[in-house]
Amino acid sequence: MQPIDVELAVLETSELTTFPCSVQNLRRTSAEKTKTPPSLLNPKKQKRRKKQGPCRKLIPEQGLITTDIAKYWRQRYSLFSRYDDGIQMDEEGWFSATPEEIAATHAARASSGTIVIDCFSGVGGNAIQFALRIRGCHVVAIDIDPQKIGYAINNAKIYGVEDNIDFIVGDFFQLAPFLKADVVFLSPPWGGPSYKKIQNFTLDLFKPRDGYSIFQVAQKITPNIIMFLPRNVDINQVEELSWLSSPPLNFEIEESHVQGYTKGITAYFGYIVSGSPGLSKLSEVVTSQGIPSFFTAGMRLLGFNH
Ligand code: MGP
Ligand code: SAH
């Protein structure tokens, strides 16, 4: 992608400005824009422009974003109610962040004083809610992308919970053998917003590994697993996951809504399933087996990637 002309970002805009152009052609078409508003242009010309590439919009606090992402920006307060306090996002963060209301529902399954690992933490949507809602809950937030972890730290500070989260830049699959926790939270990549074009989203479609492998790796950490999944996920396959363990794990599935609109499916496994006897805290049972020393509350690890 060509570098973007920075001058274009200096615009007076009430909220959102659309550039009727591809990134490569920003310089030329922005000049046109000053002459004729896009809505008045000949429809044939507009069609030609559409073919040039993804349109970009300028939002004052985030810079240029594609029109696809602008859809998520319009939902910004449902993603982070404190968005205006300086929440930072990148493109993947926009379409992947778990809406706050849903993340709070996930968090409610943890109990006070437990250790939760958010294995694909992104910009922190879930990690923040675990740390915020559950007293004494300590969260380990892992993401392979250093920029995401940087944003997650910034976002956790906005919610005042940065001291309750250890942030780790690293590959979950490499770290997993060294991890123990009371609850594991999984919201891996679904392959981007195009996931919804698939009628039946099977577990092999998850990235960077298939859903069975992700679950199996997580299960070695704890049987108490929460998975946030696409709303078109193959429910039978999700249920099958509970049989990977012997004896099979308790299993519960729920639709996750924002204002009555289904955003995803959440699967719960193990002792966090409703009606289960509840969690026995790792801090109570595992100390004698030696929890890795980096699970000390308040300690922050960055760049732990081996
Ligand atoms: P969506 O379906 O793309 O948006 O994502 P929306 O507004 O429901 O789409 P519409 O076209 O039906 O109106 C819904 C939610 O799913 C997002 O807010 C994220 O929480 C989650 N989500 C979406 N994607 C593409 C991913 C992903 O790749 N990984 C994860 N973990 N979550 C995702
Ligand atoms: N629940 C998060 C969104 C997670 S999106 C939120 O609410 O903000 C999925 C994340 O998985 C992305 O940020 C991506 O960088 C990360 N990821 C992909 N592969 C990974 C891996 N092998 N280990 C750790 N994180 C990974």
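What you see is a predicted model, and the numbers here were worked out from it, not measured in a lab.

A. Structural context of the site of ligand 2. Near ligand 2 there are 23 residues, and of these Thr 98, Asn 126, Asp 143, Phe 172 and Ser 187 occur at the shortest range. Taking Thr 98, its main chain carries an N or O atom lying 2.9 Å from an oxygen atom of ligand 2. Contact between ligand 2 and Asp 143: an oxygen atom at 2.7 Å from a side-chain N or O atom of the residue. If ligand 2 stood free it would expose 580 Å²; the protein chains cover 94% of that surface. Among the elements of the structure, α5 (91–96), α7 (125–133) and α9 (172–175) are those that each provide at least two residues to the shell around ligand 2.

B. Main features of α7. With respect to burial, α7 is a largely interior element, 7 of its 9 residues being buried. Along α7, the residues classified as buried are Gly 125, Asn 126, Ala 127, Ile 128, Gln 129, Phe 130 and Ala 131.

C. Main features of the nonpolar core. Residues Phe 80 and Phe 172 are the most contacted members of the largest nonpolar core, which totals 81 residues. For this core, the element with the most residues is helix α8 (residues 146–158), which contributes 6 residues. Residues contacting Phe 80, with those up to four places away along its chain left out, are Ile 87, Met 89, Ala 97, Glu 100, Val 123, Gly 125, Ile 128, Asn 155 and Tyr 159.

D. Molecular detail of the packing of helix α6 (residues 100–107) against α7. α7 packs onto α6 with a crossing angle of 55° between their chain directions and a minimal axis gap of 8 Å. Between α6 and α7, the angle is such that the two are oblique. In this structure, the crossing between α6 and α7 has a hand that is right-handed. Contacts from Glu 100, Ala 103, Ala 104, His 106 and Ala 107 of α6 reach α7 at Gly 125, Asn 126, Gln 129, Phe 130 and Arg 133. Within the contact of α6 with α7, the residues separate by chemical class into 4 nonpolar, 4 polar and 2 charged.

Definitions and cut-offs
- Residues numbered from 1 in each chain as written.
- Chains lettered and ligands numbered in written order.
- Predicted model: local features only at pLDDT ≥ 70, side-chain atom pairs only at ≥ 80, totals over all residues.
- Heavy atoms only, no water.
- Near = heavy atom within 4 Å.
- Polar contact = N/O pair within 3.5 Å; in protein donor to acceptor, adjacent residues only side chain to side chain.
- Areas by Shrake-Rupley, 256 points an atom, 1.4 Å probe, with all protein chains shown as cover.
- Helix = DSSP H or I, 4+ residues; strand = E, 2+ residues; numbered from the N terminus.
- Buried < 20%, exposed > 50% of the residue type's maximum accessible area, 1.4 Å probe, protein only.
- Core = buried A, V, L, I, M, F, W, Y, C linked by side-chain atoms within 4.5 Å.
- Contact = heavy atoms within 4.5 Å.
- Axes fitted to C-alpha atoms, helices over the stretch in contact; angles between N-to-C directions.
- Parallel < 35°, antiparallel > 145°, perpendicular 65-115°, else oblique.
- Left-handed = near helix turned anticlockwise from the far one by under 90°.
- Nonpolar A, V, L, I, M, F, W, Y, C, P; charged D, E, K, R; others polar.

The analysis is restricted to geometry; functional conclusions fall outside its scope.
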